[in-house]
Protein chains: 2
Amino acid sequence: MKIKMLAVAFATVLTSSFCSAQANQSAVIEDFKPSTCNQPGQMYPQVNSQGYARFRVIAPNAQSIVVSLGLGGAKGGTPLAKAEDGSWMGTTAGPMDEGFHYYHLTIDGGVFNDPGAMNYYGSTRWESGIEIPAHDKDFYALKDVPHGNVQQILFPSKSTNTSRRAFVYTPAGYDKNTKTKYPVLYLQHGWGEDETAWSNQGHANLIMDNLIAEGKIKPFIIVMTYGMTNDAKPGTIGSFSYVPFQTVLVDELIPYVDANFRTIANKENRAMAGLSMGGMETHAITLARPDVFSYYALLSGGTYNPAELKGKANPKLIFISCGSRENPDMVKKAAVTLKEAGYNAVSFVSENTAHEFLTWRRSLKEVAPLLFK
Amino acid sequence: MKIKMLAVAFATVLTSSFCSAQANQSAVIEDFKPSTCNQPGQMYPQVNSQGYARFRVIAPNAQSIVVSLGLGGAKGGTPLAKAEDGSWMGTTAGPMDEGFHYYHLTIDGGVFNDPGAMNYYGSTRWESGIEIPAHDKDFYALKDVPHGNVQQILFPSKSTNTSRRAFVYTPAGYDKNTKTKYPVLYLQHGWGEDETAWSNQGHANLIMDNLIAEGKIKPFIIVMTYGMTNDAKPGTIGSFSYVPFQTVLVDELIPYVDANFRTIANKENRAMAGLSMGGMETHAITLARPDVFSYYALLSGGTYNPAELKGKANPKLIFISCGSRENPDMVKKAAVTLKEAGYNAVSFVSENTAHEFLTWRRSLKEVAPLLFK
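Residues numbered from 1 in each chain as written. Chains lettered and ligands numbered in written order. Predicted model: local features only at pLDDT ≥ 70, side-chain atom pairs only at ≥ 80, totals over all residues. Heavy atoms only, no water.

(A) Summary view of the environment of Y52 of chain A. All names here are of chain A. Residue position: Y52 is located in the loop between β2 (46–47) and β3 (53–58). Relative accessible area serves as the criterion here: at 2%, Y52 is assigned to the buried category. Between the C-alpha atoms of Y52 and G94, which are 42 residues apart in sequence, the distance is 6.1 Å. (Helix = DSSP H or I, 4+ residues; strand = E, 2+ residues; numbered from the N terminus. Buried < 20%, exposed > 50% of the residue type's maximum accessible area, 1.4 Å probe, protein only.)

Given below as structure tokens:
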């Protein structure tokens, strides 16, 4: 059981004999505040300064309610207990990792969302979300700086016979600087997520706004679309192939974006990045179409073997990252191997995070200044 | 109990003796299909060709589940019955009105969303949504026509000390026709909804795309933002005042839009419309600031009295509408009265709809061709 932050007031009474769940609970600091992911006006769920989460749900006649938190949350679920007023309350057994966590309620054996929380698409469903404020949360905060816009576009896709949706981040000033052309990052979500993930739970737009306002990067466009093109039935990753998505991305979306936005429409000004399954897509598509992208980034999504690049692809950058609770040694070693083989490889490990969105927010912040040099 | 559509096969056996709930249920046609508002891959809820809705929820140990449908839905709720496999199923007692309906589940006395359906902000919470296909649904369908974009902007607001969110619809070609300037419609949601309503459940962008593609309107921009500016606690409409919102809209948002989009920044090319509470805001703000807008539209949101306009405001158009299940006589009479007083007033009544989004989708379709003439 991990304790990341201990209030000074409690530090003196904490001895090794307190290392049980009960002892941790007794050390919970009662400074809980509504989660920043709550629906307007909702007081629960709440989070305290140590990273504990507390839930409250109204369902007077329910038999049992358990909160299921994902990776980096409290493992095994947090059962809620019924109070006399018909509400169910419970607090996680320990502090949670900093950052964003998907979760849901299991009520009487069925899966439902917490009516107090906002919804985020993950695990092929709109899940509830909760945010444990990170010590470095400033980099993805909404600040009083010039803001870029995130726009929904509907682009024609002959290969799937549909109008498909993408979100396009254009940096502040895009609409005014009508002569300026911009490089483009194609940025993919993970399995079970969709094209809403990077701007909703990822705050990609705010990360960019802040980096640009601080002068740390030159402005570029980000395009985000759905990457599980042929996955008609959610949950069937077994039948998933990247090839139909490659067609949508390379043959349909990129030409549409280049025709409708002021892009610098060449390989040198085009990057692809993805998290988890989106990293695997990035890996496969950048290798299958080395003529399209110059910058590759895999966020918790594997790495490249120098052998598969040799004589085929010559990227200007390979960025590989993961959370420290994933496989950081693999990531670090892979960068060394790629560097030894002559590639400009950079690794990044997000401290104290798992296969979750704080890892990927931080990865975006780290990779953005390395792109389009 | 109303029956809107009777399949020919059943018409011959329908007599007056069947006019009970049980008789209607026996006439339910088993051609149910997943609602178009379902989450990806979800088979329930379903809708049949008559407008009945059928729900299925998994919660093996629940004691009771009731579906609460809003206006135009089946009144009083649809109780679900438990099947042997642990699922709960039920069908509405009668056909529902065409169009979009908010709903939620009451599970063991608590309010939750249907995990099968997507979520839509209404009633100051993210509700579940279901769509009964309308006979005229073509006008808000996603078609293979040039699509405008809907973009999220974050604009600075000194009066509320925040960066506030708005969504901006720019018509197809906006990014290419960099010399063209456009009129702007400021379009408001209703009580308990927010700035997402008009593009999510309203399909305002698709309505515009289709009208433009058919040559029925000249392209214009639509701006949608949150209208309950001072309503810190959702649900407290009693304390609501339009004045703080007027400041945000007129003194902050409009100057920002005029500075950052290619608008024709004058009164003659600016319209304001709103549904329900957004109509009341439109009424109040157009009268308080007659220098700002030339076109006024109230959708299920009251009307204007000629006396309050006289010597003060001289709009180019007053559009008033509602559903036929609301107060259509008031709307028609108000238009006559306004016309007699010399105003260009137009009324519209949406057939067989209540205080719901199909009324407002149709109203947008009707008013759009009358704007910016």
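(B) Region of interest: the pairing of strand β15 (residues 270–275) of chain A. Residues and elements named next belong to chain A. Most of β15 is tucked away, with six of its six residues classed as buried. Of the strand pairs in this sheet, strand β13 (residues 184–188) and β15 are connected by five bridges, and their pairing is parallel. Opposite L187, over in β15, you have A273 as the bridge partner. Handedness of the crossover joining β15 and strand β16 (residues 295–299) through helix α6 (residues 277–288) is recorded here as right-handed. (Pairing = 2+ DSSP bridges. Right-handed = clockwise from strand over helix to strand, strands pointing away.)

(C) Local environment of the interface of chain A and chain B. Listed per partner, the contact involves 45 residues of chain A and 46 residues of chain B. Both faces combined, the contact of chain A with chain B buries some 3600 Å², and carbon together with sulfur accounts for 52% of it. Counting the contacts that link chain A with chain B gives zero salt bridges. Taken together, chain A and chain B are joined by ten residue pairs in polar contact (both at pLDDT 80 or more). (Contact = heavy atoms within 4.5 Å. Buried area = accessible area lost by both parts, 1.4 Å probe. Salt bridge = Lys/Arg side-chain N within 4 Å of Asp/Glu carboxyl O. Polar contact = N/O pair within 3.5 Å; in protein donor to acceptor, adjacent residues only side chain to side chain.)

(D) Spatial organisation of the relation of the copies chain A and chain B. Take chain A, turn it by 180°, move it 0.0 Å along the axis, and it overlays chain B with an RMSD of 0.0 Å. Taken together, the rotation and translation relating the two chain copies correspond to the operation of a two-fold axis. Distance from the rotation axis, computed per C-alpha, reaches its smallest value in chain A at Q151 of chain A: 1.7 Å. Taken as a fraction of all interface residues of chain A, those also at the interface in chain B reach 100%, which identifies the copy contact as same-surface. (Least-squares fit on C-alpha atoms with pLDDT ≥ 70 in both.)

(E) Main features of the environment of K218 of chain B. Mapped onto the elements of the fold, K218 of chain B is located in the loop between α4 (204–213) and β15 (221–225). Along the backbone, K218 of chain B and Y182 of chain B are 36 residues apart, and their C-alpha atoms lie at a distance of 9.1 Å.

(F) Quick peek at the packing of aromatic side chains. As enumerated under the stated definition, the model contains 29 aromatic pairs over all chains in all. Taking the centre distance of 6.4 Å and the plane angle of 45° together, the rings of F155 of chain A and Y256 of chain A count as tilted. On the criterion of sequence distance, the pair formed by F155 of chain A in strand β11 (residues 149–157) and Y256 of chain A in helix α5 (residues 243–260) is long-range, its members being 101 residues apart. An angle of 50° between the planes, with centres 6.3 Å apart, marks the rings of Y174 of chain B and F261 of chain B as tilted. Taken together, the residues span a long stretch of sequence, with Y174 of chain B in the loop between β13 (162–170) and β14 (184–188) and F261 of chain B in the loop between α5 (243–260) and β16 (270–275) at a distance of 87 residues. Neither residue differs from the other here; Y174 of chain B and F261 of chain B are each classed as buried. Within the aromatic cluster, the residues linked to one another by ring pairs are F100, Y102 and Y120 of chain A. Here the guanidinium or amino end of R262 of chain A rests over the ring plane of Y174 of chain A, the centre of that ring lying 4.1 Å away. Stacked on the ring of F139 of chain B, the Lys or Arg K365 of chain B has its end atom at 5.2 Å from the ring centre. (Phe/Tyr/Trp six-rings, centres within 6.5 Å; stacked < 30°, edge-to-face > 60°. Lys NZ or Arg CZ within 6 Å of the ring centre and 35° of its normal.)

(G) How the structure looks around the sheet that holds strand β2 (residues 46–47) of chain B. All names here are of chain B. An order of β1-β2-β3-β7-β6 is seen for the five strands of this open sheet, with the pairing classed as antiparallel. The strands lining the two open edges of the sheet, one partner per strand, are β1 (33–34) and β6 (81–82). The pairing of β2 with strand β3 (residues 53–58) spans two bridges and is classified as antiparallel. Paired with V47 across the bridge in β3 is A53.

(H) Fine view of the pattern of salt bridges. In total, this model carries 30 salt bridges over all chains according to the counting rule given. A salt bridge links E131 of chain A to R361 of chain A, with the shortest nitrogen-to-oxygen separation between them at 2.7 Å. On the criterion of sequence distance, the pair formed by E131 of chain A in strand β10 (residues 125–132) and R361 of chain A in helix α9 (residues 357–367) is long-range, its members being 230 residues apart. With respect to class, E131 of chain A is no different from R361 of chain A; both count as buried. We note a salt bridge from E214 of chain B to K216 of chain B, for which the minimum N-O separation is 2.9 Å. Salt bridges sharing common partners tie together D138, K143, E214 and K216 of chain A.

(I) Spatial organisation of unusual backbone geometry. All names here are of chain A. Cis geometry is found at the peptide bond from Y44 to P45, where omega equals 0°. Note on placement: P45 falls in the loop between β1 (33–34) and β2. At N352, a residue that is not glycine, the phi angle is positive and equals roughly 60°. The backbone of F372 shows a phi angle near 60°, a positive value even though the residue is not glycine. Looking at the secondary structure, you find F372 in the segment after α9.

(J) Inspection of helix α8 (residues 328–340) of chain A at higher detail. Residues and elements named next belong to chain A. Here α8 spans 19 Å end to end across 13 residues, near enough to the 18 Å set by a 1.5 Å rise per residue. Here α8 has its buried residues at P328, V331, A334, A335 and L338. Down the axis of α8, the smallest arc covering the buried residues is 130°, so these residues share one side. The outward face of α8, more than 90 degrees from its buried face, is lined by the exposed residues K333 and E340. Tucked into the core, α8 has its buried residues touching α7 (306–309), β17 (317–323) and β18 (345–350). Downstream of α8 by a residue or two, G342 has a phi angle that is positive, lying close to 100°. (Expected span 1.5 Å × (residues − 1). Arc of directions from axis to C-beta.)

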